[in-house]
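# Remarks on the overall topology
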Amino acid sequence: YSVGVAYANPGTTSIANVSLTLLDNSGNAVAAPVTQTLGPGNHVQGFTSQFFKSAPPLVGTMQITSSTPMIAISLRFDPTLLKFTTLPPVTLGQ
């Protein structure tokens, strides 16, 4: 399966410093984190394989952390990319 993710900075003034971390089922990072700066009102989208080019196929989690509140959604596509389902984001406790 392919997993795509889209996230946005809904703010009007604050820049979001974003970090993406790919974790295996045990919670261990399997690739170097990806960091991005996202301006107010901007968004990013892509497949996890585009963000983490050197990571092997795996079952796990992508953790997104940000310096400001963000909105996000994830889609899991079947191998043909013709069928998909949404994967809701989960907020981690601080």
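That block above? That's the structure.
In this report, the structure presented in the accompanying data block is examined.

What counts as what
- Residues numbered from 1 in each chain as written.
- Predicted model: local features only at pLDDT ≥ 70, side-chain atom pairs only at ≥ 80, totals over all residues.
- Heavy atoms only, no water.
- Helix = DSSP H or I, 4+ residues; strand = E, 2+ residues; numbered from the N terminus.
- Buried < 20%, exposed > 50% of the residue type's maximum accessible area, 1.4 Å probe, protein only.
- Polar contact = N/O pair within 3.5 Å; in protein donor to acceptor, adjacent residues only side chain to side chain.
- Contact = heavy atoms within 4.5 Å.
- Pairing = 2+ DSSP bridges.
- 1 Å grid on protein atoms, 1.4 Å probe; cavity = no way out; pocket = protein on both sides within 12 Å on 5 of 7 lines; lining within 4 Å.
- Points joined across faces, edges and corners; volume = space filled by probe spheres on them.
- Nonpolar A, V, L, I, M, F, W, Y, C, P; charged D, E, K, R; others polar.
- Phe/Tyr/Trp six-rings, centres within 6.5 Å; stacked < 30°, edge-to-face > 60°.
- Lys NZ or Arg CZ within 6 Å of the ring centre and 35° of its normal.

Its place among the elements puts Asn9 in the loop between strand 1 (2-8) and strand 2 (16-24). On the basis of relative accessibility, which here comes to 2%, the residue Asn9 falls in the buried class. At a separation of 3.2 Å, a polar atom in the side chain of Asn9 contacts the main-chain carbonyl oxygen of Leu38. What Asn9 contacts, discounting residues up to four positions off in sequence, is Ser14, Ile15, Ala16, Leu38, Gly39, Pro40, Gly41, Asn42, Thr68 and Pro69.

This part takes up the pairing of strand 4 (residues 43-47). Only one face of strand 4 is buried, namely the one carrying Val44 and Gly46, since none of His43, Gln45 and Phe47 on the opposite face is buried. Pairing between strand 1 and strand 4: five bridges, direction antiparallel. Counterpart to Ala6 in the pairing with strand 4 is Gln45.

Another aspect to go through is the layout of surface pockets. Size it by volume and the largest pocket reaches roughly 1,400 Å³. Considering the residues around the largest pocket, the lining is formed by 39 residues, among which Val5, Thr61, Met62, Gln63 and Ile64 are closest to the centre. Those elements that place two or more of their residues in the lining of the largest pocket are strand 1, strand 2, helix 1 (48-51), strand 5 (60-66) and strand 6 (71-77). It is strand 5 that provides the largest number of residues to the lining of the largest pocket, a total of seven residues. Grouping the constituent residues of the lining of the largest pocket by class yields 25 nonpolar, 13 polar and one charged.

Applying the stated criterion across every chain yields a total of two aromatic pairs. Ring plane angle 45 degrees and centroid distance 5.5 Å describe the contact between Phe77 and Phe84, whose orientation is recorded as tilted. The class for Phe77 is buried, based on a relative accessible area of 14%. Members of the aromatic cluster, joined through ring pairs, are Phe47, Phe77 and Phe84. Positioned above the aromatic ring of Tyr1 is the side chain of Arg76, whose terminal nitrogen or guanidinium carbon lies 4.8 Å from the ring centre.

Bridge count for strand 6 against strand 7 (residues 84-87) is four bridges, and the pairing is antiparallel. Counterpart to Phe77 in the pairing with strand 7 is Phe84. Here strand 6 hands over to strand 7 after six residues, with Leu81 in that stretch at a positive phi of 65 degrees.

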